[in-house]
Amino acid sequence: MEFLTLFFAAIILILLFYEAYLRMLPGYKAAKQFPGPKRLPIFGNIFDLLFNDQLSTFTLPRQWAARFGESFVLLIRGGMIVNAIRARETEALLSSTKLIDKSVIYLYLHPFLGVGLLNSTGSKWFQRRKILTAAFHFNILPTFLETFHEECEKLVVRLDDDVDGGQATVLQDVAARFTLNTICEAAMGVKLDSHTMADEYRAKIKEVVGFLVQRVMNPLLFENFTYKLLGFRARLDKALKPIHAFTSNIIKQRRELFHANVKNLDEFSEENIYFNTNQRYALLDTLLASEARNQINEKGIREEVNTFMFRGHDTTASAFTFIFLLVAEHPDVQQALVDEILAVNSSRLDPTAQFTVKDYNDLRYMDRVIKECLRLYPPVPFIGRMINEDSWFGDRFIPKDSMANVLIWDLHRDPKQFPDPERFDPDRFLPENVEQRNPYAYVPFSAGPRNCIGESVLG
């Protein structure tokens, strides 16, 4: 009995000392500047994050954002996690040229994507960004319009078949197939449907996404040791094997074709890529030219191909699905889109020809509709960064080693920036309305130095 008494007394003493230690940490002190859910001694907010399913993982931050009405914090092991839902904190984070390190959650993508443009940092990120920027110049877009039109025609045929057959369309699956085919040809220069491994590749991508979501939702799987011990890493590796085999095979084939046809690397100078609009320059070709110049190795090429194949199709498919949903829910918007398309088409010299980039640029109302869809349903609902040096978000101090998330979903619903935020209103993006808003109130492609590399093309 005396032993047990001493034992429990020792535990209580240790816990009291640990709580005192946590209270001395800079993150604990800085957290007092922000509102947040109630924190327990020692454990902070860890129990708020445990044992959530996919739905509650999404809805819980929405509830906190609504309750506090401003950016809020969570406290985990004495470390502060700032959740920015207002433009002031978002601008301080995303405009910084120093706070560019991604949060620890991005580490879970390393087995799948490696350390490419999405999750690298420092000199590696700067070098990769420089290499890949040429592949996203706006002059390259017209060379892939034929691909976009072909895939759109396939999509329309598929939708028509579903309607004629009287069956419902699982739009998310259809959208993912459509966007994956498109990015495969644009990024890798090959038609995905022409490869025997295409269906397995698509299926395994979906399986891997399930593993990633599962890990993000379960703090017990955060540590690599427990992730391996419980067998999840082995299952992930098994699913990744055919994905990596597929991309490696495509890279090998494209490399052989590249060296057979390209005799002068000057063809891949920025000047030629920018102004030679008669030649297609797939992203993979740009990477292979950089490999020939010893600017990137084979592993680096795989990292970027996997990154753009995944991020390019998954986020676009999500956006595509919600755009269809919102347009379907608003018949007046749908009719206005039809009227605009018909008006632009009737003004062209050849109304039977495919639309050009200029024709698409003339669809001003459609542009506003898409932007409003991305406001309400951003394809990436949040992004995370590590705070690698003491910083200030406005007048609030954020200590080094904190984490900061931008909750894009909630940021886009700030009633001060977007009155009646749940209402679908494309006119929010009329030029005169855009000028009145903080530019960091709307960031579907992120913003600042680590914005989406495709934003310059997508507009």
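Scroll up for the structure.
Here the structure is a predicted model, which means the values were calculated and not measured.

Draft legend 1. View of the nonpolar core. Within the largest apolar cluster, 74 residues are counted, with the highest numbers of intra-cluster contacts made by F112 and M188. Among the elements that make up this core, the one with the highest residue count is helix α12 (residues 232-261) (nine residues). In contact with M188, other than residues within four places in its own chain, are I183, T247, I250, R254, A282, L284, V305 and M309.

Draft legend 2. Representation of the layout of surface pockets. What the second largest pocket holds in volume is close to 400 Å³. Q172, D173, A176, R202 and K206 are the residues nearest the centre of the second largest pocket, which is lined by 16 residues in total. Across the lining of the second largest pocket, the residue classes break down as seven nonpolar, two polar and seven charged.

Draft legend 3. Fine view of the pattern of salt bridges. For the structure on display, the rule yields 28 salt bridges. Among the salt bridges present, the one from E298 reaches R302, with a minimum N-O distance of 3.8 Å. One end of the pair is E298 and the other is R302, both in helix α15 (residues 298-329) and four residues apart, which spans about a single turn. The class for R302 is partly exposed, based on a relative accessible area of 28%. Here the salt bridges do not stand alone but share partners, grouping E70, R88, E89, D395 and R396 into one network.

Draft legend 4. Spotlight on the side chain of N306. Its place among the elements puts N306 in helix α15. Not counting residues up to four positions away in its chain, the partners in contact with N306 are F112, L113, I243, H244 and T247.

Draft legend 5. View of the sheet that holds strand β2 (residues 79-84). With mixed pairing, four strands are arranged side by side in an open sheet as β1-β2-β6-β3. The sheet is open, and its two borders are formed by β1 (72-76) and β3 (382-386), each paired with just one other strand. Taken over all neighbouring pairs, the strand axes of this sheet differ in orientation by 20° on average, direction set aside. Bridging between β1 and β2 involves five bridges; their strand directions are antiparallel. Paired with V73 across the two strands is V82, which belongs to β2.

Calculation notes
Residues numbered from 1 in each chain as written. Predicted model: local features only at pLDDT ≥ 70, side-chain atom pairs only at ≥ 80, totals over all residues. Heavy atoms only, no water. Core = buried A, V, L, I, M, F, W, Y, C linked by side-chain atoms within 4.5 Å. Buried < 20%, exposed > 50% of the residue type's maximum accessible area, 1.4 Å probe, protein only. Helix = DSSP H or I, 4+ residues; strand = E, 2+ residues; numbered from the N terminus. Contact = heavy atoms within 4.5 Å. 1 Å grid on protein atoms, 1.4 Å probe; cavity = no way out; pocket = protein on both sides within 12 Å on 5 of 7 lines; lining within 4 Å. Points joined across faces, edges and corners; volume = space filled by probe spheres on them. Nonpolar A, V, L, I, M, F, W, Y, C, P; charged D, E, K, R; others polar. Salt bridge = Lys/Arg side-chain N within 4 Å of Asp/Glu carboxyl O. Pairing = 2+ DSSP bridges. Axes fitted to C-alpha atoms, helices over the stretch in contact; angles between N-to-C directions.

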